[in-house]
2 protein chains.
Amino acid sequence: MEGDARKRPVTIADIAAATGVAVSTVSRALSRPSRVSAATRERIQAAARDLDYVPHPPARALASGRTGTVALVVSDVTNPFYFGMIRGTQQQLKAAGYAHLLIDTEDSADHEIAMLHTMRRSLDGAILGASRLPARALVALAAEIPLVTVNRNVRGVPSVVIDTPAGIAQAVEHLVSLGHRSIVYVSGPTQSWSNQARWQAMKAALDRHHLPAARVGPFPSGRGSGVAAADAVVNTGATACVAFNDLFALGMLVRLRERGVAVPADLSVVGCDDIFGADFSNPPLTTLTAPIEQAGRMAVSLLVSRLDHRAPQPQRRAVVLPTYLTVRESTGPRP
Amino acid sequence: MEGDARKRPVTIADIAAATGVAVSTVSRALSRPSRVSAATRERIQAAARDLDYVPHPPARALASGRTGTVALVVSDVTNPFYFGMIRGTQQQLKAAGYAHLLIDTEDSADHEIAMLHTMRRSLDGAILGASRLPARALVALAAEIPLVTVNRNVRGVPSVVIDTPAGIAQAVEHLVSLGHRSIVYVSGPTQSWSNQARWQAMKAALDRHHLPAARVGPFPSGRGSGVAAADAVVNTGATACVAFNDLFALGMLVRLRERGVAVPADLSVVGCDDIFGADFSNPPLTTLTAPIEQAGRMAVSLLVSRLDHRAPQPQRRAVVLPTYLTVRESTGPRP
DNA sequence: TCGGTGGTGACAACCGTTTGCCAAGTGTTG
DNA sequence: CAACACTTGGCAAACGGTTGTCACCACCGA
C-alpha cells in the first residue's frame, strides 16, 4: 500500500521524527551501523524500510565529498576494443557499489583533460582506457583526481597494462616458423602508446631473427582503415603482417577478399586484442588474445582499494597482464 | 602559473569576494546570464576564469534538483546490440550537456526496478534499452523518473521502437521468393518484448503465404545459444530460418560450419539488427538492418526535450524507426 | 518636482547529509 | 562507593550552490 505518490520525498529527518532520535543518529545508523547500538539501529532501519526511504546521493556527496561514481574514459565508444573494458569495469564497479559513468573523449587529448577537470568534483576516480595524454598532463591530472590507466604506463600513476609486446614476439616466432621472411607491421595512430610499444616489440623480435623491420601506416583508428592498410601491405610484397589491432585486421580481411588476395595462402594476417568478431571472421583471425575484460576489472580493483582505505598504503602500482597467441586460420605457410 | 595546487577549491563565494558582489549574483551570472547586467556578468566571468572556478555538480544538484545526468539502462552490456545504443546515446547526451551513466540490470527485472528506484534522485532521466519490466511496473517507474523506452511500447511512456516486425515481413518475402517453404523462427528470451513482436510478425507473414509457422527455442540471450539453436533448426528439417537476433545467427553460423551444414546451400539464415560483425562473418549475414544508433540518439532527444522545457508540451510520444533487409550471403535458393 | 516603472543585485532560506565535538549514561574497576 | 573509561546519541555547523523576495536605483513622463 505505498500508493501515497506525489509526496515530498522521505528524508532522514522523517525517520528521525518517526523513531524519536536525532538525524545524526539516523545518518550514522544508516552509514556506519557499528557506531550505534543494535536496538536503535534496528528501529531506525525498520522505520527507513517502512517509509521507503531512499538516500539522496547528491546530498551525500556534498556533505561527504564522496560521490560513489567512477568514470571510464575511452577515446571512442565505437571501438569494440572498449567493449570488453566497459563490461569488465561495469561488473567490478557494480560489485563495489559504485556507479559507472562513461566518458568519450573523441580521440582528443584536450577533450580528455577538459572533461576530467570539469567533472572531477562529481567523480571519486577515473579509469583511463588508452589515454592520449602526454605524460606530464597525466601526472597533473592524477593530482586532481584518483586515476588508474590501462595500457599506458606513466611513473606515478597506477596502471594495468596488457603485455601485448610479449605477445608480439610470439606472433613473430609463429610467422617465422611458418617460413615468412618478409613481415610488415601495420601501424596505428601515432599518439597511441600501445602502437608504439607494439612496433618496438616487433622490431626487436624481427631483429632477433635478423629480419628487416618494415611498417606501413600510420592509419587512423577504425575498421575503415583496413582497406588502405590492406592495399599498402600488398604493395610491400610482404608475405605476412601483424596489425596494430583486430579492427584493422578485420578490415583488411574484407578488403583482401575483395581484391582476390587469399588469406592465408597469399598473405598471413595476425591481429591484436582478440575482440568480438575475431573468431568468426572469414577466415577466423589469428590474434593476440588480450584479457581486456580482466584488465577492466583489475583497474577498478586498483582504484577502489585506493579509494576505500583512507590510508594510502603502498600497493602494486602497475600490474601487467599476459597475452597469448591464438592461432586460427588467417596465418599459414609462406606462399 | 596555476601551480597553487593542494588549495581549497574555488567556490562562487570566492568569486563574489573578488568582484565585490553577492554570491547570488555570481550564481545567476553563471547560470542565467541574462538575469544580470552585461558589465557585472563580464566581471564575474572574468574572475571565474582567473580563479579557475569549476562548478560543483553535487551542490548544484542538491540545490536545484537537476543532476545533469541521464542513465542508459541495458540488460547486458555484453550484448553487441547495445553497442550502437551506447554510442548513439553517448553522442547525443554529450551534445546536450548531460553525463552518461551506464547501468546493467543483468537481465533481471527486479534489478532494473531496484537500481532505478535507488538512483532516481541522482538522475534527471533514464533511457531503457529493451526493458524487461512488466507494463504496470514500467508505468509506475515512469511516475518516479522521466523515462524513454527503446523497443518497448507501453502506453504513457514515450518510446522509440525499431520496426523490426515490418522488416521481418520483408525477410519472409525474400525467403519465399527464393523458394523456401519451411521457415522456422529461432526464438529468444520469452520476456523479451522484441522477441514476441518478431514472432508475431513472422507468423503473420507466413500466414499470408499459407505457410506453417514454426519456431524453436526459446533460447537464452547470448552467442552461446547459437549452437543449441543451430542443432534445433537442423532437426526441424527447415530450409531457412529467421533468428531472433544477430547474436544467435552468428553463433549458429559457427555451429553449422562445424557440423558441415553449408550456408546458404543447405540452410538459409537471416538475422536481426545488423550488429558489428554481421558483415564480415562467414558467410556475411543477411539481416534486418536496424538503425540502433539513431534509436539511441532519438531516445535522448525525446528525453532531453522533455527535461529542458518545464512546460511538458504535448509532443511525439512514440517514434517508430524503419528497418530494411540487407541481403548478404547467408541466404540463397532452396536446396 | 514627484510618483511610477523596469531592471539590477543583495539577503537569506533552503536542498539532504555528514561529522566534529560534547554531554549524558553505562558498566567496570580499585 | 567513587573515579574512570567507554558507549551512545544529540547539537549544530558545514558542504556549495539556487532561488523567491524585496530594496534600491535611475530614468521616465506628467
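Being a predicted model, the structure only gives us computed values, none of them experimental. (Residues numbered from 1 in each chain as written. Chains lettered and ligands numbered in written order. Predicted model: local features only at pLDDT ≥ 70, side-chain atom pairs only at ≥ 80, totals over all residues. Heavy atoms only, no water.)

Chemist: In this structure, what is going on with the layout of surface pockets? I would like to understand it.
Modeler: Empty pockets left among the atoms are what a rolling probe the size of a water molecule brings to light. All names here are of chain A. There is about 530 Å³ of room inside the second largest pocket. Where the lining of the second largest pocket is concerned, the elements lending two or more residues are helix H2 (23–31) and helix H4 (57–64). When the residues that make up the lining of the second largest pocket are grouped by side-chain class, the tally is nine nonpolar, five polar and five charged. (1 Å grid on protein atoms, 1.4 Å probe; cavity = no way out; pocket = protein on both sides within 12 Å on 5 of 7 lines; lining within 4 Å. Points joined across faces, edges and corners; volume = space filled by probe spheres on them. Helix = DSSP H or I, 4+ residues; strand = E, 2+ residues; numbered from the N terminus. Nonpolar A, V, L, I, M, F, W, Y, C, P; charged D, E, K, R; others polar.)

Chemist: Help me out: how do you make sense of the interface of chain B and chain A in this one?
Modeler: A common way to report how large an interface is uses the accessible area buried once the components associate. Counting residues at the interface gives 48 residues for chain B, matched by 48 residues for chain A. Across the chain B/chain A interface, buried area totals approximately 4100 Å², and carbon plus sulfur atoms make up 63% of it. Among the residues of chain B in contact with chain A, Arg121, Phe276 and Phe280 of chain B are the three that bury the most area, contributing 18% of the side total. Between chain B and chain A we count 14 residue pairs in polar contact (both at pLDDT 80 or more) in total. For the side of chain B that touches chain A, the secondary-structure elements that each account for two or more residues are helix H4 (57–64), helix H5 (81–96), strand S2 (99–104), helix H6 (109–119) and helix H11 (246–259) of chain B. If you tally residues by element for the side of chain B that touches chain A, the top one is S2 of chain B, at six residues. By residue class, the composition of the side of chain B that touches chain A is 25 nonpolar, 13 polar and 10 charged. (Contact = heavy atoms within 4.5 Å. Buried area = accessible area lost by both parts, 1.4 Å probe. Polar contact = N/O pair within 3.5 Å; in protein donor to acceptor, adjacent residues only side chain to side chain.)

Chemist: What's the story with the domain arrangement of chain A in this structure? I'm lost.
Modeler: Domain annotation for chain A reports domain 1 (12–55), domain 2 (69–162 + 292–322) and domain 3 (164–290). Distance from the C-alpha centre of domain 1 of chain A to the C-alpha centre of domain 3 of chain A: 61 Å. (Domains from an automatic or database assignment.)

Chemist: Would you mind going over the nonpolar core with me for this structure?
Modeler: The tendency in soluble globular proteins is for nonpolar side chains to be buried as a group. The biggest cluster of nonpolar side chains holds 149 residues, and the ones touching the most others in it are Val160 and Val186 of chain A together with Val160 and Val186 of chain B. Residue contacts for valine 186 of chain B: discarding those within four places in its chain leaves Val216, Phe219, Ala229, Val233, Cys241, Val242, Ala243, Phe244, Phe248 and Met252 of chain B. (Core = buried A, V, L, I, M, F, W, Y, C linked by side-chain atoms within 4.5 Å. Buried < 20%, exposed > 50% of the residue type's maximum accessible area, 1.4 Å probe, protein only.)

Chemist: When you look at helix H12 (residues 292–308) of chain B in this model, what are you seeing that I'm missing?
Modeler: An α-helical segment advances 3.6 residues per turn. Residues three or four places apart therefore align on the same side. Taking 1.5 Å of rise per residue, the 17 residues of H12 of chain B would be expected to cover 24 Å, and the 24 Å separating its terminal C-alpha atoms lies within 8% of that figure. Of all the residues in H12 of chain B, the buried ones are Ile292, Ala295, Gly296, Met298, Ala299, Val300, Leu302, Leu303 and Val304 of chain B. (Expected span 1.5 Å × (residues − 1).)

Chemist: Explain the environment of valine 300 of chain A to me, please; I cannot follow it from the model alone.
Modeler: All names here are of chain A. Among the structural elements, valine 300 can be located in helix H12 (residues 292–308). Its relative accessible area of 1% is what places valine 300 among the buried residues. Between the C-alpha atoms of valine 300 and glycine 88, which are 212 residues apart in sequence, the distance is 8.6 Å. What valine 300 contacts, discounting residues up to four positions off in sequence, is Thr89, Gln92, Leu93 and Ile127.

Chemist: Looking at this structure, I do not really get the protein's contact with DNA strand D. What am I missing?
Modeler: Near DNA strand D you find 28 residues, and of these Thr25, Arg28 and Thr40 of chain A together with Ser27 and Arg66 of chain B are the closest. Of all DNA strand D atoms lying within 4 Å of any protein atom, the proportion belonging to sugar or phosphate reaches 54%. With respect to DNA strand D, the side chain of serine 24 of chain A contributes an N or O atom lying 3.2 Å from a base nitrogen. Interatomic distance of 2.3 Å between a side-chain N/O atom of threonine 25 of chain A and a phosphate oxygen of DNA strand D. Looking at the surface near DNA strand D, the elements with two or more residues in it are H2 and H4 of chain A together with helix H2 (23–31) and H4 of chain B. Counting residues per element, the surface near DNA strand D draws most heavily on H4 of chain B, at five residues. Of the residues belonging to the surface near DNA strand D, the class tally is 11 nonpolar, 10 polar and seven charged. (Near = heavy atom within 4 Å.)

Chemist: I would appreciate a short explanation of the pattern of salt bridges in the present structure.
Modeler: Close approach of charged atoms lets side chains of opposite charge pair. Following the criterion strictly, the structure yields 22 salt bridges over all chains and no others. Two residues, arginine 223 of chain A and aspartate 279 of chain B, come together in a salt bridge whose shortest N-O distance is 2.9 Å. A residue pair is termed interchain when its members come from two chains, as with arginine 223 of chain A in the loop between strand S7 (214–216) and helix H10 (225–236) and aspartate 279 of chain B in the loop between strand S9 (268–273) and strand S10 (286–289). One salt bridge connects glutamate 258 of chain A with arginine 255 of chain A, and the closest N-O pair in it is separated by 2.8 Å. You can see glutamate 258 of chain A and its partner arginine 255 of chain A sitting in helix H11 (residues 246–259), three residues apart, about one turn around the helix. Judged by its relative accessible area of 21%, arginine 255 of chain A falls in the partly exposed class. (Salt bridge = Lys/Arg side-chain N within 4 Å of Asp/Glu carboxyl O.)

Chemist: Help me understand the protein's contact with DNA strand C, please; the structure alone is not making it clear to me.
Modeler: Around DNA strand C, 28 residues are found, and the nearest of them are Ser27 of chain A together with Ala22, Thr25, Arg28 and Thr40 of chain B. Histidine 56 of chain A places a polar main-chain atom, nitrogen or oxygen, 3.3 Å from a phosphate oxygen of DNA strand C. Among the elements of the structure, H2 and H4 of chain A together with H2 and H4 of chain B are those that each provide at least two residues to the surface near DNA strand C. Per element, the largest residue contribution to the surface near DNA strand C is five residues, and it comes from H4 of chain A. By residue class, the composition of the surface near DNA strand C is 12 nonpolar, 10 polar and six charged.

Chemist: Would you explain the side chain of threonine 164 of chain A in this entry?
Modeler: Residues and elements named next belong to chain A. With respect to the secondary-structure elements, threonine 164 resides in helix H8 (residues 164–177). Here arginine 198 takes part through its side chain, which lies 3.3 Å from a polar atom of the side chain of threonine 164. Those residues in contact with threonine 164, other than ones at most four positions away along the chain, are Arg198, Cys272, Leu288 and Thr323.

Chemist: Would you explain the relation of the copies chain B and chain A in this entry?
Modeler: Here two copies of a chain appear, and what relates them is a rotation about an axis with a shift along it. Each copy of the sequence occupies a distinct position, and chain B is placed on chain A by a rotation of 180 degrees and an axial shift of 0.1 Å, giving an RMSD of 0.1 Å. Such a turn and shift between the copies fits a two-fold axis. Both copies share a contact surface, since 100% of the interface residues of chain B are interface residues in chain A too. (Least-squares fit on C-alpha atoms with pLDDT ≥ 70 in both.)

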